[in-house]
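# A structural walkthrough
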Amino acid sequence: MHSSLPPPPPPPSAATPIRVVPDIPGRGRALVAARAIKPGEVLLTDSPLLLYPALDSADGSFSSSFCGHCYRTLAAGVSRSPLASVRFCSEPCRAMALLSSHTPWACRALSMIRSAGRLPPPLDGAEGRSQVAFLDFRRLLSLQGDAGDHASPELPLALHSLMGSLSPPLDPAGFSPELTAALLSKDRMNAFGLMEPAGVGSGGEVEKRVRAYGIYPNASLFNHDCLPNTCRFDYVDGGSDRNTEIIVRAIHEIPEGRELCLSYFPVNWTFKERQKRLLEDYGFSCACDRCLVEKGWKEQDEEEEKRTTRRGDGGCRGGRRRGLPACLLLREIHVPEGNCGGTLAPLPPSPQGVTSGVMECNACGGLRKGDDPCDDGGGEDDGIVVDG
Ligand SMILES: C[S@@+](CC[C@H](N)C(=O)[O-])C[C@H]1O[C@@H](n2cnc3c(N)ncnc32)[C@H](O)[C@@H]1O
């Protein structure tokens, strides 16, 4: 007599779409398609190891327009932290923050440094200790970025001595200058910015600001390509309690075995801007297909390239560039700067595997439907036309 049969295997399309390759020469670890992938498929959903708020570039304070713990946009009726500029959306968020990133000691230290440049005396007892238990430190240490990756060692050394002065409540054992330098490198190479929804400045320009930075252990394994085949989304103001997760989706069909890449910055940067950032912050010169094409463009084209790439043409309107595959692909996935400058990827396919044909923007959340967003009829781009 047969015992109960094992459950049927999942359908092939449900098999995990991603495989980790331990080392591609010259690129380190990489993620590749474990099977054929459909446009819009969700490839990864990742939770942060570590999240921290961005400083307001105008005055160096934390923004008070979102919660200092869950990072959602604040409504009225918020509670404050001991550090007056940080606000929370609810008492539970405030209580959680006071136990982790906003301990009384940490807030007092920041207030005193900002107001008088003085360091606070150490506090006795558990109340002063920053809790880092939530942080999977070993996972963080496994990410790309080493102590030796700094062009100049002064910044990590200065930070380390500041931390040393501040650290009595922490256990400084093993917290060497090398570890501080390595952590800074890891942050530079792996942090993802969670963006504020794109707004419009007083001069009518599109304003994009980072709300918080997060380190995501799995998403950190994506290598870069200036014409990426994947795109990452976040929904920080969403209702779910997993609102700080990031989601990576396929931009178009990807065959099995192909490397999966993100762009580490907006796709509309010029060749020079991209190469500079990749070399300075990530330590490599990009040799992707798009860079190989654009490397050949003449120096004097830089200004025209900047204008057309920002506008969303991928540098294509200069006549002779029209028709280059890189230009065409770029125009499919890039929203012009006049709108929000984001990148488009299709919404996920239905459970039956039917692709949606609707593109979502990762900067403003707008949706665009249409088969031929690259139509170059000579008119202005339509940008986002279907309301999100
Ligand atoms: C966020 S990590 C990506 C994962 C990394 N390969 C690893 O082994 O952990 C960024 C680093 O990966 C490498 N990398 C990413 N994209 C690359 C590319 N297109 N060409 C060469 N190296 C790349 C660089 O060393 C870069 O600093």
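Residues numbered from 1 in each chain as written. Predicted model: local features only at pLDDT ≥ 70, side-chain atom pairs only at ≥ 80, totals over all residues. Heavy atoms only, no water.

### What to know about the side chain of Asn 243
Our working definition: Helix and strand labels come from DSSP, where a helix needs a run of H or I of at least four residues and a strand needs a run of E of at least two; each type is numbered from the N terminus. A simple rule labels every residue: compare its accessible area, found with a 1.4 Å probe on the protein chains alone, to the largest value its type can have, and call it buried under 20%, exposed over 50%, or partly exposed in between. We call two N or O atoms a polar contact when they sit within 3.5 Å, provided that within protein one can donate a hydrogen and the other can accept it, with sequence-adjacent residues counted only if both atoms are side-chain atoms. We call two residues in contact when some of their heavy atoms are within 4.5 Å.
Take Asn 243: it is sitting in the loop between strand E12 (230-234) and strand E13 (246-250). Accessibility expressed as a relative area gives 6% for Asn 243, which makes it buried. Reaching out from Asn 243, the side chain makes a polar contact with the backbone oxygen of Cys 70 at a distance of 3.0 Å. Residues within four places of Asn 243 in sequence aside, it is in contact with Cys 70, Arg 72, Tyr 235, Val 236 and Gly 238.

### Describing the confidence of the model for the protein
In plain terms, the rule: As a per-residue measure, pLDDT tells how confident the predictor is, with possible values from 0 to 100.
When pLDDT is averaged along the protein, the result is 77, and 65% of the positions lie at 70 or above. The model gives residues 122-134 a pLDDT under 50, and that stretch makes 21 contacts with residues more than four places away or in other chains. In the model, residues 371-388 has pLDDT below 50 throughout and makes 37 contacts with residues more than four positions away in sequence or in other chains.

### Quick word on the nonpolar core
To keep it simple, the criterion reads: In this text, buried Ala, Val, Leu, Ile, Met, Phe, Trp, Tyr and Cys residues form a nonpolar core when linked through side-chain atoms within 4.5 Å. All domain edges in this entry derive from an automatic or database-based domain assignment.
Ile 18, Ile 37, Ala 219, Phe 222 and Leu 260 are the most contacted members of the largest nonpolar core, which has 22 residues in total. At the level of elements, strand E2 (28-33), strand E3 (42-46), strand E7 (191-195) and E13 are the ones that each hand at least two residues to this core. Element by element, the count of residues in this core is highest for E13, at three residues. The residues that make up this core include at least three from each of domain 1 (18-47 + 216-369) and domain 2 (50-192). Residues in contact with Ala 219, not counting those within four places in the same chain, are Leu 44, Asp 46, Phe 192 and Ile 246.

### A few points about the environment of Val 32
Within the secondary structure layout, Val 32 lies in strand E2. Not counting the four nearest positions on each side in its chain, Val 32 is found in contact with Pro 17, Ile 18, Arg 19, Val 21, Gly 257, Arg 258, Glu 259 and Leu 260.

### Structural notes on the site of the ligand
Quick reminder of the rule: If even one non-hydrogen atom of a residue comes within 4 Å of a molecule or strand, that residue is called near it. Values of accessible area rely on a 1.4 Å probe in the Shrake-Rupley scheme; residue burial ignores everything except the protein chains shown. For this classification, the nonpolar set comprises Ala, Val, Leu, Ile, Met, Phe, Trp, Tyr, Cys and Pro, the charged set comprises Asp, Glu, Lys and Arg, and every other residue, Gly included, is treated as polar.
With respect to spatial proximity, 15 residues lie near the ligand, and among them Arg 27, Arg 29, Asn 223, His 224 and Tyr 282 are the closest. Within the contact set of the ligand, a nitrogen atom lies 2.7 Å away from a backbone nitrogen or oxygen of Arg 27. A distance of 3.2 Å separates an oxygen atom of the ligand from a polar side-chain atom of Gln 144. Within the complex, 93% of the 570 Å² of free accessible area of the ligand lies under protein. For the shell around the ligand, the secondary structure elements donating two or more residues are E2, helix H5 (177-190) and strand E11 (223-224). Across the shell around the ligand, the residue classes tally to six nonpolar, seven polar and two charged. Shared between two domains, the shell around the ligand holds at least three residues of each, these being domain 1 (18-47 + 216-369) and domain 2 (50-192).

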